[in-house]
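# Fold and contact review
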Amino acid sequence: KHRLLGRRADGCSVTQSDTQLTCSHSLAFRMSAELRSVSPTTALWDGYQTAAQKRARMINMGLHVFYPELQGSGRVFSRSFRQVTLKIFGTDEQIIFPCQSCTKVDDVKQAIASALMVDVENLRFIVKQGCSTRQLLNNDEMRSLVTVRGISSFKVAAHKWPHPTAVIGAGYHGLKTAMMYLKSGNSDIVVFDRNSQVGGYCWITAANKGSRLQTEFGAFHVWWGHDVMQGKCGYPDASWDTWPGKQQILEHFQIAAEEYGVLPHVRFNCNVQGITVVGDKKNDKIFSGNDRYYDLAVADITARGSGSAPSATSAETSVVSCSVLYSYPGSMTKNRIVDYPGEEAFDGHIGYGMNDDAPYESFPGNKVAILGNGAFAVENARTCIEMGANKVFIVTRRKNLASPRIPCWFVHQGPVPTPGALVLRMFEPMYNSCGMGDPWQFWSVNASTDRQRVQIIQSSRFGIGDVTFLAVAVGKVEFVVDTLKRCTKHTLHLEGGRKLENVRVLLKTLGLLGDFEVDRMHKMDEVVGFYCAGDWRRPIFLDATGMNAANFTTFSTGIGTTGYVRLNKYLFDHPKEFLQMEKDGVLSGLPRNQAKEKDDRPAYVYDVNHTNSTFVIMNSMCPRAAELSSNDPQYKYGMYHVVHPLDKTLRECRESWDQYQETWKQQGWDAEHVPYPYTREMIKGYFAEYNQLTGMAIQPDGPRKEDILQVQSETQQQQQHQSKIGSLPPWAADERVIASAEAQSKAEATRWWKDQCPAVLEPGAAKARSHH
């Protein structure tokens, strides 16, 4: 534009001379183009996006945006943005965030109090006024520079309980709990265990010397989780077997205990014999020194007989007080005892397939019968075959579904749950090639007629492995759908009339039972959600029994235990969150599991439906805790393809498959070679179907290394953003998500502004008025 210099007498504008205009026209045009390189439309759009992100920051912080349609006919509210610097008195700590000119002090106070979980009445906002200062009133509009008193930091501080956090059990769950507490900087924790090492009943006592992890190590390792990894406990490296045995599993527990500094906090060789609740169970005045707590009667173990419970004398009993008590009693620890007529005449070994009670020296060349068809029965079948058994009968009332290794691997690498119909289609090649029947026809499968939807419900989890299928294919294992009636010498007589002859070993893997002593110790007859007798500070957890799923996230315990500890630790760190949930009726909505003595089922032994329902309800009522697991899908997918890449896993499966057949051939077993039923092309097809069903875009070779590093970086950034009040949330990068967040927040913003200013219009009133 040319600068106006003046006007001539005739009123026309006076400008630079024509010569000057002509000479400078080209340069002026170029300068104008440079100055206008950003078009007005682009500038307008950039401004719109900036405003949208500022509103997103306000919404994420918990502030109430004043939208144009709320403007009534009275006072005009300014919706322009200002940048607020909020500084803590006496420190250099400050936060910077946007708000509108009309934003009230009370709104910011409430947001800060909610984010930091402090009492809003303790907050005072101070501004400088001339040579003095004054305290802002709640109804005042926010200023640009404010000093806050009543808090010492903008970081959320974990609640400090009067007594330590106690953990009963140093198995998988207890060790994981201690690791996560210590990694977070909370060392006020004590763990009790009957054994002399970490690992728990399952791997120290119940597992046989030939026991092996059925799932891949990547889904099981105790430091599973992007927020748990530390030092040597990162992505498991090549030194770990894909399917490690008992000794390597125990070694991994020990390494984790040392890496996270757990061992000094564990009291080994002791038994918690009793729990006394001190104070009123209803008293949750958590900031009082007279808070409810628990006295644990802890006895040092002085003797342990073979197969007997630890014993102690009263003189060795001490009392330990705790404010929070995690209990991990183990899934089930007692064998279901069923005695059959004629056992005394069997003249062979009868055992339960646990704690090396089977005579391995008797296996070579002989027949073994296993009663039951749960995961432990399948594991025992593998052990018997590896120890040289000539034939194994699995006698079961009805056949349960078992999973081959490749479908198990596929489920564990998937970032989102794998549809059950795809899982069954992945079962088909193994079932068809080994004569195991149609997996869709098993009793536990409830499928639509087009086989596009399925619900799998059975009382035990999948037994996982390839060897049982292969052994069926070559005749070394036979499933016998029947029940045992009686025994005679080396013979099992079945209810259907068949006789299994020349059997020298009988293993009764008929399931495990819970221990009513756990219920009695907690003085309870029901578990509400995860909580003993509904007492939220006594969570109790185990590997839930059974299976009931239409989609599958995991066949192992890594992800479930991590989510459980995150949830409960968050609530114990921020108990006000649970107290608010309790006011909102969370306990009345949680499932209840009551003791059933006639069924030998204590209250603490709950099934998978109970677990899943509890997780859904708790995470929906405590979204901040749920956010802690938001990065699990990316972690799961990236970690698995680093630790167990497809080609390596497929090669190991095929090599193991062929090695079994070579070994049996050397032992004199004559059977045609059975090719491994899975190929890379076949698995590539599973990825395509998974992507189609879930909307994902994952690849058989997993993410690129640079993508994994980027996800790890983004995860760290997200964690930093979550800890900074008023920062731009990660979801604000997506305009559609911002629009959705605004749509969801408008109703609450309207209610809030109407309470503050009754003249504010109801939603839609502005449109109606303008139309009128």
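These remarks concern the structure in this document. In this text, all values refer to a predicted model and were calculated from it rather than measured experimentally.

### So, the sheet that holds strand S26 (residues 491-494)
Spatial ordering of the open sheet is given by S25-S26-S27, a layout of 3 strands whose pairing is antiparallel. The open sheet is flanked by strand S25 (484-488) and strand S27 (499-501), the only strands paired with a single partner. Strand-to-strand, the axes of this sheet are offset by a mean angle of 20 degrees, without reference to chain direction. With 4 bridges joining them, S25 and S26 adopt antiparallel strand pairing. Following the sheet pairing, Cys487 is matched in S26 by Leu492.

### Looking at the sheet that holds strand S6 (residues 132-135)
Taken in spatial order, the 5 strands make up an open sheet running S4-S3-S7-S5-S6, and their pairing is mixed. Each edge of the open sheet carries a strand with a single partner, namely strand S4 (94-100) and S6. Neighbour to neighbour, the strand axes of the sheet diverge by 35 degrees on average, direction disregarded. Inspection of the sheet shows strand S5 (residues 124-129) paired to S6 by 4 bridges, in the antiparallel sense.

### Observations concerning unusual backbone geometry
Positive phi, normally seen in glycine, also occurs at Asn269, with a value near 50 degrees. By relative accessible area, which is 36% here, Asn269 ends up partly exposed. The phi angle at His490 is positive, at roughly 55 degrees, despite the residue not being glycine. As for its placement among the helices and strands, His490 is situated in the loop between S25 and S26.

### Things to note about the environment of Lys87
Inspection of the secondary structure assignment puts Lys87 in strand S3 (residues 81-88). The class for Lys87 is partly exposed, based on a relative accessible area of 31%. Lys87 sits 58 residues away from Leu145 along the chain, and the two C-alpha atoms are 7.9 Å apart. For Lys87, the contacting residues outside a window of four places in its chain are Asp92, Glu93, Gln94, Val146, Thr147 and Val148.

### Description of the environment of Ala375
With respect to the element layout, Ala375 can be found in helix H8 (residues 375-386). Taking the relative accessible area as the measure of exposure, Ala375 reaches 22% and is therefore partly exposed. The residues touching Ala375, leaving out its near neighbours within four places in the chain, are Gln214, Arg461, Phe462 and Gly463.

### So, the pattern of salt bridges
The final tally for this structure, using the stated rule, is 29 salt bridges. With a closest N to O distance of 3.5 Å, Lys160 and Asp188 form a salt bridge. Of the two residues, Lys160 sits in the loop between strand S7 (145-149) and strand S8 (165-168) while Asp188 sits in the loop between helix H4 (172-183) and strand S9 (189-192), which places them 28 residues apart along the sequence. Accessibility expressed as a relative area gives 61% for Lys160, which makes it exposed. Across the salt bridge formed by Glu343 and Lys508, the nearest N and O atoms sit 3.0 Å from each other. Of this pair, Glu343 sits in the loop between strand S15 (334-335) and strand S16 (349-351) while Lys508 sits in strand S28 (residues 503-508), and the two are 165 residues apart along the sequence. Of the two residues, Glu343 and Lys508, both sit in the buried class. Put simply, Asp227, Arg566 and Asp632 are held in one network by salt bridges that share partners.

### Remarks on the side chain of Asn691
Within the secondary structure, Asn691 is located in helix H20 (residues 680-694). Looking at Asn691, the relative accessible area reads 17%, which means it is buried. Among the polar contacts listed, one links the side chain of Asn691 to the backbone oxygen of Ile698, at a separation of 3.0 Å. Among residues more than four places away in sequence, those in contact with Asn691 are Met696, Ala697 and Ile698.

### Digging into the pairing of S5
Taken together, the 3 bridges between S5 and S7 define a ladder with antiparallel strand orientation. Within S7, the residue paired with Phe125 across the bridge is Val148. Between S5 and the antiparallel strand that follows it, S6, lie 2 residues; Gly130 among them carries a positive phi value of about 65 degrees.

Basis of the calculations
- The residue numbering used here restarts from 1 in each chain and proceeds along that chain's sequence as written.
- pLDDT decides what is reported in this predicted model: residues at 70 or higher carry local features, side-chain atom pairs at 80 or more are listed and counted, and totals for whole chains, interfaces and linings draw on all residues regardless.
- To obtain the side-chain values, all non-hydrogen atoms of the structure were included, while hydrogens and water were left out.
- Strands are labelled as partners when DSSP assigns at least two bridges between them.
- A run of H or I in DSSP counts as a helix once it spans at least four residues, and a run of E counts as a strand once it spans at least two, with each numbered from the N terminus.
- Throughout, an axis means a line fitted to C-alpha atoms (over the contacting stretch in the case of helices), and angles, computed between N-to-C directions, take values from 0 to 180 degrees.
- Here the term buried applies to any residue with accessible area under 20% of the maximum for its type, exposed to any over 50%, and partly exposed to those in between, with areas from a 1.4 Å probe on protein chains only.
- Any two residues having at least one pair of non-hydrogen atoms within 4.5 Å are treated as being in contact.
- Take a side-chain nitrogen of Lys or Arg and a carboxyl oxygen of Asp or Glu: if they are within 4 Å of each other, that pair is a salt bridge.
- Under the rule applied, a polar contact is a pair of N or O atoms within 3.5 Å (in protein, one hydrogen donor and one hydrogen acceptor; residues adjacent in sequence only if both atoms are side-chain atoms).

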